[in-house]
Amino acid sequence: MSSSHRDILIQGGGPVGLACAAWCLQKYPEAKITLLDRNPLDDADLAAADSRGIALSHGSKILLDTIHAWPSECADIHRVHVSQAGRFGRALMTREELQQDALGHIVRYRDIHLALRQALRVIQKTSPNFVWQHIQDDHEPSSNNAKCIVHAEGGLFKTQDWVESGRDYGQSALVGLVEVENAAPHQAWERFTAEGPLAVLPSHYGPNILNLVWCGSPESSQHRLQLNDAEFLASLQNEFGSRIGRFLKISDRRLYELGLNYRKQITKDNEVWIGNAAQTLHPVAGQGLNLGLRDAYLLAEKLVEVFARPTEEHSLVNIQHALENYAQSRKVDRTATIGLTDFMARVFTSNLTPVVLARGLALSALQWLPPVKTALARQMMFGRR
Ligand SMILES: Cc1cc2nc3c(=O)[nH]c(=O)nc-3n(C[C@H](O)[C@H](O)[C@H](O)COP(=O)(O)OP(=O)(O)OC[C@H]3O[C@@H](n4cnc5c(N)ncnc54)[C@H](O)[C@@H]3O)c2cc1C
């Protein structure tokens, strides 16, 4: 089917592009959608791919449940302990305070990706006009003919071929799986060190195998990547302390460069940008994919409002109107999530004495002012609505 007969072309078969296609088709199975996917057709080729642990909010779980795309392997977070290495100030958030079953969930990137592919395959069976096209890296899309183009090409900071607004925090994240002696089940730890946040998060592998996200300068992170296991574990123990006993094993170390890159305008004519293609965030607050899924869900709603109408009504003006409407409806959530993440990334990576003191006070205030803590936790769980 040529792209000139297409209503919607989605470029990018990552979690956000897949979710957007699935929600559009679930709401309107007749939709003429093409999904361009650079990933291989066969799931087996993705099984060894990106295993980093991603924190998904309860709000994202509710959204993914609507298309049966919640991965079977995940770990729930019941408590989050936040502290500063060698300084005063700590806060503890619990699911009881928030009156939720869980504060969040940790899932491997590849499991989210595979669960969404599986969910879309099921929806595809009842979507006669849906085309899922697997393409090569050098494929030049002839996209200009589709009535509406959704950019979901995603990408990581510094690998994106567009740079608009943002900030380079001069940080990298080293991720991996770490085995410890004595973890508290379902507890996540976020510790602010001199170089940046160090998070130790539950995993579905069992209570003592945890996901590590250790942010630091690119040079130190590179150095840590090259240390042998014993040296690495000693260095980690030194930074984290002994709250969960000894660090025993490390596996699957990977490095990611971090920064903020976001578009000021997320729509132009008949084009729209969602997920990491619209904004790439520092993982300090674990918000990138959560925000991207909310983008995909709301965009699907707006697109279906237009394309479920008779063909004569698919004018450029109507499409532009729907996209502008979408951009407007995402403004508050997007601004708040980018702003909060940028604020946290800057405050929690600064070593200036006044900032360190203010950070300690802020953590203590968070602990002793339950309404502030609840408001912050709710923003992180559900976004701004
Ligand atoms: C270390 C780290 C930790 C993170 N932790 C969290 C967390 O705890 N919680 C959270 O919510 N977020 C987290 N994130 C962010 C999260 O990974 C991203 O926000 C999310 O992956 C964005 O999904 P996406 O589909 O927009 O992009 P991607 O995941 O980048 O997927 C885009 C897909 O599009 C494909 N593609 C690219 N170009 C084209 C093209 N021209 N045509 C077709 N296909 C194309 C790519 O191959 C890829 O498969 C973290 C990020 C990092 C780096």
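Residues numbered from 1 in each chain as written. Predicted model: local features only at pLDDT ≥ 70, side-chain atom pairs only at ≥ 80, totals over all residues.

**A word on the overall build of the protein**
- Helix and strand counts for the protein stand at 10 helices and 17 strands.
- The long-range share in the protein, meaning contacts at least 24 apart out of those at least 6 apart in sequence, stands at 80%. (Helix = DSSP H or I, 4+ residues; strand = E, 2+ residues; numbered from the N terminus. Contact = placed C-beta atoms within 7 Å.)

**Let's talk about the site of the ligand**
- Among the 33 residues in the neighbourhood of the ligand, the closest are listed as Gly14, Gly154, Gly275, Gly286 and Gly288.
- Among the secondary structure elements, those contributing two or more residues to the shell around the ligand are α1 (15-27), β2 (33-37), β3 (53-56), β10 (165-180) and α7 (288-307).
- Looking at the shell around the ligand element by element, the count peaks at four residues for α7.
- A class-by-class count of the residues in the shell around the ligand yields 14 nonpolar, 15 polar and four charged. (Near = placed C-beta within 6 Å. Nonpolar A, V, L, I, M, F, W, Y, C, P; charged D, E, K, R; others polar.)

**Points about the sheet that holds β2**
- Judged by pairing direction, the sheet is mixed, and its six strands sit side by side in the order β8-β2-β1-β9-β16-β15 without closing on themselves. Single-partner strands in this sheet number two, and they are β8 (130-134) and β15 (267-268). (Pairing = 2+ DSSP bridges.)

**Focus on the nonpolar core**
- By size, the foremost hydrophobic cluster in this structure holds 93 residues, and its most contacted members are Ile8, Cys20, Ala22, Val150 and Ile274.
- If we skip the residues at most four places from it in the chain, Ile8 touches Cys24, Ala31, Ile33, Ala146, Cys148, Val150, Leu303 and Phe307. (Core = buried A, V, L, I, M, F, W, Y, C linked by C-beta atoms within 7 Å. Buried ≥ 20, exposed ≤ 12 C-beta atoms within 10 Å, placed from the backbone.)

**Examining the sheet that holds strand β5 (residues 79-84)**
- Read from one edge of the open sheet, eight strands run β6-β5-β11-β12-β13-β10-β14-β17, paired in mixed fashion. Taken across any chain shown, the strands that pair with only one partner, and hence form the sheet edges, are β6 (90-94) and β17 (279-280).
- As judged from the eight bridges shared by β10 and strand β13 (residues 209-216), these two strands associate in the antiparallel manner. Each bridged residue has a counterpart across the sheet, and for Ser172 the counterpart in β13 is Gly216.
- Lying on the sheet, helix α6 (residues 229-240) is in contact with β11 (187-193), β12 (196-202) and β14 (247-262); it crosses β14 at an angle near 65°. (Axes fitted to C-alpha atoms, helices over the stretch in contact; angles between N-to-C directions.)

**Quick look at the environment of Leu323**
- Within the secondary structure layout, Leu323 lies in helix α8 (residues 316-347).
- When the 23 C-beta atoms within 10 Å are taken as the criterion, Leu323 is described as buried.
- Residues contacting Leu323, with those up to four places away along its chain left out, are Thr267 and Val272.

**Focus: the environment of Val150**
- Turning to its location among the elements, Val150 is positioned in strand β9 (residues 148-151).
- Sequence separation between Val150 and Val272 is 122 residues, and the spatial gap between their C-alpha atoms is 5.1 Å.

**What about unusual backbone geometry?**
- Look at Asp252: it is not a glycine, yet its phi comes out positive at around 55°.
- With respect to the element layout, Asp252 can be found in strand β14.
- Overall, Asp252 belongs to the exposed group, with 12 C-beta atoms counted inside 10 Å.
- At Asp269, a residue that is not glycine, the phi angle is positive and equals roughly 50°.
- In this structure, Asp269 sits in the loop between β15 and β16 (271-273).

**Thoughts on helix α4 (residues 109-124)**
- Counted at 1.5 Å a residue, the expected span for α4 with its 16 residues is 22 Å, and the 22 Å between its end C-alpha atoms agrees.
- Residues Asp111, Ile112, His113, Ala115, Leu116, Arg117, Ala119 and Leu120 constitute the buried set of α4.
- Those residues of α4 hidden inside the fold are in contact with α1, β3 and β7 (104-108). (Expected span 1.5 Å × (residues − 1).)

**Considerations on the packing of α1 against α7**
- It is at 8 Å that the axes of α1 and α7 come closest, and there the two elements cross at 30°. Here α1 lies roughly parallel to α7, going by the angle between them. Relative to α7, α1 is oriented so that their crossing is right-handed. When α1 is examined against α7, the residues Pro15, Val16, Ala19, Cys20, Trp23, Cys24 and Lys27 are found in contact with a partner set consisting of Leu289, Gly292, Leu293, Asp295, Ala296, Tyr297, Leu299, Ala300, Leu303 and Val304.
- Class assignment of the residues belonging to the contact of α1 with α7 gives a composition of 14 nonpolar, one polar and two charged. (Parallel < 35°, antiparallel > 145°, perpendicular 65-115°, else oblique. Left-handed = near helix turned anticlockwise from the far one by under 90°.)

These results come straight from atomic positions and should not be treated as a statement about function.
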